[in-house]
Amino acid sequence: MKSSNKLSIYLNFIFRNIPIHIVFLITSLLPNHLYTNLIRGFFIKPFIGSGGKHLQIAPRVTINNPENLYVGSNCYISHNVYINAKGKIVLDDNVIIGPMSVLATTNHIFENGIVKNKGISKPIYIKKGTWCASHVVITSGITIGEGSLVAAGSVVTKNIESKSVVGGIPAKFISKNDK
């Protein structure tokens, strides 16, 4: 690893990762409510890649690699969501991520038949007006099209076209979202 890359990792850890976790710790006593979620979103915006207006972050959200998280306006990330943004995550405007969901941009790799704690990272893109209901898992390299609905408990392993309703493990097309 180059020394400039190591320096960047250290700086991100000191100036983004630690402060964002301090914000979550301090605001953890606040209730899960519109106004306190807006306050939490306001305070974490400086530590993520970018954040739009009216960002709502509920309690107990975990964001790893916050510098690679790009969030549009009017987005809501519900309670107990785990976000691994090592490979970059982009949430366009008006995206809702339901409670206890996982967005993971990294897949572990196997070397000589043994899993390693390193991996291959690919970005996740969730387009405008999409709702990922509760307990949704979105794997690395996925794009979810505009105006889509991912049903509760789904595991998204393939790209989803715009205006689609999908569900299941793995998530499969159910219908068009014509509303």
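The rules behind each value
Residues numbered from 1 in each chain as written. Predicted model: local features only at pLDDT ≥ 70, side-chain atom pairs only at ≥ 80, totals over all residues. Heavy atoms only, no water. Helix = DSSP H or I, 4+ residues; strand = E, 2+ residues; numbered from the N terminus. Rg over C-alpha atoms; globule rule 2.2 N^0.38 Å. Buried < 20%, exposed > 50% of the residue type's maximum accessible area, 1.4 Å probe, protein only. Contact = heavy atoms within 4.5 Å. Axes fitted to C-alpha atoms, helices over the stretch in contact; angles between N-to-C directions. Parallel < 35°, antiparallel > 145°, perpendicular 65-115°, else oblique. Left-handed = near helix turned anticlockwise from the far one by under 90°. Nonpolar A, V, L, I, M, F, W, Y, C, P; charged D, E, K, R; others polar. Pairing = 2+ DSSP bridges. Core = buried A, V, L, I, M, F, W, Y, C linked by side-chain atoms within 4.5 Å.

Novice: Can you explain the overall build of the protein? Please cite residues and give values.
Specialist: On a plain count of helices and strands, the protein comes out with two helices and 19 strands. Computed over its C-alpha atoms, the radius of gyration of the protein comes to 16 Å, within 12% of the 16 Å expected for a compact globule of 179 residues. Principal-axis analysis of the C-alpha atoms gives the protein an extent of 50 × 50 × 25 Å. Within the protein, the proportion of its 179 residues that are buried is 39%. In the protein, once contacts between residues fewer than 6 apart in sequence are set aside, the share between residues at least 24 apart is 21%.

Novice: Break down the packing of helix α1 (residues 3–27) against helix α2 (residues 34–44) for me, with residues and values.
Specialist: As a packed pair, α1 and α2 sit with axes 10 Å apart at the nearest point and diverge in direction by 160°. In terms of axis orientation, α1 runs roughly antiparallel to α2. In the packing of α1 onto α2, the handedness of the crossing is right-handed. Contacts between α1 and α2 involve Ile20, Val23, Phe24 and Thr27 on the former and, on the latter, Arg40, Phe43 and Ile44. Per-class residue counts for the contact of α1 with α2 are five nonpolar, one polar and one charged.

Novice: Kindly report on the pairing of strand β18 (residues 164–167), identifying the contributing residues and their values.
Specialist: A two-sided burial pattern is seen for β18, the buried positions comprising Ser164 and Val166 on one face and Val165 and Gly167 on the other. Alignment of strand β16 (residues 149–150) against β18, held across two bridges, turns out to be parallel. Within the sheet, the bridge partner assigned to Leu149 lies in β18 and is Val165. Bridge count for β18 against strand β19 (residues 172–176) is four bridges, and the pairing is antiparallel.

Novice: Describe in detail the sheet that holds strand β14 (residues 137–138), supporting the description with residues and values.
Specialist: The five strands lie next to each other as β3-β6-β9-β14-β17, forming an open sheet whose pairing is parallel. The strands lining the two open edges of the sheet, one partner per strand, are β3 (62–64) and β17 (155–156). Relative to strand β6 (residues 82–84), β3 runs parallel, the two being bridged by three bridges. Considered in β6, the bridge of Asn64 is made with Asn84.

Novice: Residues and numbers for unusual backbone geometry, please.
Specialist: In this structure, the amide linkage connecting Ile169 to the following residue, Pro170, adopts the cis form with an omega of -10°. Despite not being glycine, Arg60 has its phi angle at roughly 60°, a positive value. You can see Arg60 is positioned in the loop between β2 (56–57) and β3. Overall, the relative accessible area of 53% leaves Arg60 in the exposed class. Phi is positive for Asn94, close to 60°, though the residue is something other than glycine.

Novice: Kindly report on the sheet that holds strand β15 (residues 143–144), identifying the contributing residues and their values.
Specialist: Here we have five strands laid out as an open sheet, ordered β1-β4-β7-β12-β15, and parallel in their pairing. Each having just a single partner strand, β1 (50–51) and β15 make up the two edges of the open sheet. Where strand β7 (residues 89–91) meets strand β12 (residues 124–126), three bridges bridge the pair, whose relative direction is parallel. Directly across from Leu91, in β12, lies its bridge partner Ile126.

Novice: Before we move on, can you summarise the nonpolar core with the specific residues and values?
Specialist: In terms of nonpolar packing, the biggest core is built from 33 residues, with Ile44, Leu91, Ile97, Leu103, Ile126 and Ile138 touching the most fellow members. For this core, the elements supplying multiple residues, two or more each, are α1, β4 (69–71), β7 and β12. In contact with Ile44, other than residues within four places in its own chain, are Ile20, Val23, Phe24, Leu55, Ile57 and Ile63.

The values reported here are purely geometric and, on their own, carry no functional implication.
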